[in-house]
Amino acid sequence: MKTDTRHIILCDNVALPDSLAGTTPNHRILKLINREGLANRNMIVKIHSFASHLQSKMPDRTRDLIEIAAFIYAADRQIKRGTTDQVEFTSWARELIFCIPVRDLSFWQQADINKKLEDALIFITGDKSYQFHFTKRIGSDPLTSLFHNDEIVSMPMNTAATYPVALFSGGLDSLAGVVSLLEKTPDKVIITSHRSNSSTTRVQRRVYDALKQAYPNRLFYHPLECTLSSVRASEETQRTRFFLYTAVGYALAQAYGQNELNIFENGITSINLSKRQDVINGRASRTTHPKTLGLLQEVFSSVAIKSFKILHPFLYWTKTEVVASLKQYNQQGLIAATVTCTKTFLGFKNRTTASHCGYCSQCVDRRFAMYASQLDKYDAIYDFDLATEAFPCNDARTHVVDYMRHAHSFATTHFGEFCESYLDPLADLTAYTPTFKEEEEVTKLHDLYQRHSAAVQRAYRGMVDTHYSIYGPPLPNSIYEVVNERRFQRDQAECLADDIAKILITAIPIALASTKVNHENALNDQIQALLKRDEVAYEREYPAVRFSFSTVVPDHSSTNADSDLFIEAKYIRRSTPPSKVTDQLAADIMKYPPGAYKLFVIYDPERRIKDDRSFKRDFEKRSNSTICIIR
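What counts, and at which threshold
- Residues numbered from 1 in each chain as written.
- Predicted model: local features only at pLDDT ≥ 70, side-chain atom pairs only at ≥ 80, totals over all residues.
- Heavy atoms only, no water.
- Helix = DSSP H or I, 4+ residues; strand = E, 2+ residues; numbered from the N terminus.
- Polar contact = N/O pair within 3.5 Å; in protein donor to acceptor, adjacent residues only side chain to side chain.
- Contact = heavy atoms within 4.5 Å.
- Disulfide = S-S within 2.5 Å.
- Buried < 20%, exposed > 50% of the residue type's maximum accessible area, 1.4 Å probe, protein only.
- Pairing = 2+ DSSP bridges.
- Right-handed = clockwise from strand over helix to strand, strands pointing away.
- Arc of directions from axis to C-beta.
- Phe/Tyr/Trp six-rings, centres within 6.5 Å; stacked < 30°, edge-to-face > 60°.
- Lys NZ or Arg CZ within 6 Å of the ring centre and 35° of its normal.

Peer 1: For this particular structure, what's the right way to read the side chain of Asp385?
Peer 2: Within the secondary structure layout, Asp385 lies in the loop between α12 (361–372) and α13 (394–411). At 3.1 Å, the side chain of Asp385 and the backbone nitrogen of Ala387 are in polar contact. Only 3.0 Å separates the side chain of Asp385 from the side chain of Thr388, close enough to count as a polar contact. In this view, Asp385 contacts Arg351 and Arg367; residues no more than four positions away in its chain are not counted.

And the structure:
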């Protein structure tokens, strides 16, 4: 069924243009009100420290830019995408049409400016399309919280000085970046952050206070508060947040007479190479991807009518190298103040003083980096301790297995295979990293991923040396079991086949204990019921899994995973010679594509197969398959 993803967003009481009348039902028309004095205000944007001494340095066009970014961010949070099992582009992406009042109408109505905005937003978000209808903003600006704040104290500013400007999130990478700026320049450093809730605000204040204590009188801090008012966000991917964040950073840089903005994130996270289908389009974070930065540079340079640069100093650094830089500057004591976790909203039960869940993908990345850099004793408190405890849920194991599989794939990938496997994403990268020639650029990226893989292995050895003894009892369902079983070295379809086989070997004999199977369709009915029963669990551990059921070839399948899994069921009757089953399996193997993984479920209540081990070995070593014999 086709899902209509078109939405119109009317900002600050702009009327619906005649050209859009009747094109979209009312329930997909969103009204956003930010301007003070207008009724039904449902979003609040505050930019602290844009004091009177900066107002003259902020042209109308820059004010427009920040308001446009704020409206886009607010709409992004209120317009729901697809559900987590919808990996297709058509299910996930939206078509968004914005009607926004602006001060500098002639500038924003230019076709090339609209095109630059649209291109940047489509890449950042993975949405289908963005359209803009700009109208003239009526009336003068009142003293609003957008650019004025009575609490601001004017700061002296040397207009001849160079002030590095940086984005500051309160996370580990941004901390390391700000520290590196403070260490490398004698001048003051200007930082800005986005505050969307009280928890984020507390973290950023805590890290900022720690930085102030370490570097007295060296920072100008301009936090941005942008939140919804009187409405609850229905979409939390927040892909457009970075556009708002950088727009404010651009405005600050321009107000201080600077033409550069620093962002800090390790290269592995920024580039985000992945073959997983469930992270395509909007699911793949592209916020600090070099193409994102290049496209935003074009937007900001057009607004400024001069070259404006977004710098990415950590692009060729691993997370471990970023963390290690804090040790280089003897500032590892600041690490515990930062927060990297994406699940802080949950509330932690295992350790009430914890600041991190310990098992989301960001926590896993941080834990490995801390052990690899031998700074784990300076780390924050985790509700789940990856190095000493069993996984608390399927999600935890999935994140760790995926993380290690990702590192393992690059550790065993030579340069030529790296280029071939990631041809399209590498093309996007090299087009927006003009510092090096293309081959040199790809070589640097390959080396980056090789160093990351080595760091992951070093981190695991650190965990073993610190916490795991061969003389102690084994820790079931833990990172040590994952490594010992080498689960991360197998693709997702093979792991899924093993998990399904374990369930069926136990459940099928029980289900058929009092029921005689007369034909394969009856066996398939039992398999289907068991798979449907556990489908939610499979979707948790294998987020892209979808089952389809049929009595034709294949009997069952799981598609859209890392690689397809096809399930074939065979019922061996008393009269069935084993050679016939062998011929059937051989024929089935030939009809599937080479990359497809097969699970053969063989129900053999009469024990017609005499040597299970030899039977399974002969097939499994010659084909991409698992043989599950059930009695």
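Peer 1: What am I meant to see in the state of the cysteines here?
Peer 2: Simply put, the disulfide is a covalent bond whose two ends are the sulfur atoms of two cysteines. Under the counting rule described, the total for this entry stands at zero disulfides. Just so you know, Cys341 is unpaired, no disulfide at all, and the nearest cysteine sulfur is the one on Cys357, 3.6 Å from it. Cys341 sits in the buried class, given a relative accessible area of 10%. Lacking any disulfide linkage, Cys363 is separated from the closest cysteine sulfur, that of Cys360, by 3.6 Å. Residue classification places Cys363 among the buried residues on the basis of a relative accessible area of 0%.

Peer 1: What exactly am I supposed to notice about the pairing of strand β15 (residues 625–630) here?
Peer 2: Strand residues, when the strand is regular, have side chains that alternate between the two faces of the sheet. With six of six residues buried, β15 is to be regarded as a mostly interior element. Side chains Ser625, Ile627 and Ile629 project from β15 onto one buried face, and the interleaved Thr626, Cys628 and Ile630 project onto a second face that is buried too. Summarising the sheet, strand β14 (residues 597–603) and β15 pair through six bridges and their orientation is parallel. Bridging from a neighbouring strand, Lys598 pairs with Ser625 of β15. What joins β14 to β15 is helix α22 (residues 612–620), and the crossover it makes is right-handed.

Peer 1: Quick question: what am I supposed to make of helix α15 (residues 423–431) here?
Peer 2: Along an α-helix, a turn takes 3.6 residues, which lines up residues three or four apart on a common side. Looking only at α15, the buried set comprises Leu426, Leu429 and Thr430. With its buried residues spanning 90° around the axis, α15 presents them on a single face. Of the residues in α15, the exposed ones pointing more than 90 degrees away from the buried face are Asp424 and Ala431. On the buried face of α15, the contacting elements are α9 (267–271), α10 (290–304), α14 (415–421) and α16 (438–467).

Peer 1: Even after reading the chapter, I still don't get the packing of aromatic side chains, so can you show me in this structure?
Peer 2: The description of two aromatic rings rests on the distance between their centres and on the angle between their planes. Counting across every chain of the model gives 26 aromatic pairs. Ring centres of Tyr250 and Phe300 lie 5.1 Å apart, and the angle between their planes is 15°; this geometry places the pair in the stacked category. Remark: Phe300 occurs in helix α10 and Tyr250 occurs in helix α8 (residues 241–255); sequence separation between them is 50 residues. The class of Tyr250 is buried, set by a relative accessible area of 1%. One cation-aromatic arrangement involves Arg61 over Phe107; the distance from NZ or CZ to the ring centre is 4.0 Å. Above the plane of the ring of Tyr316 lies Lys444, whose end atom (NZ or CZ) is 4.5 Å from the centre.

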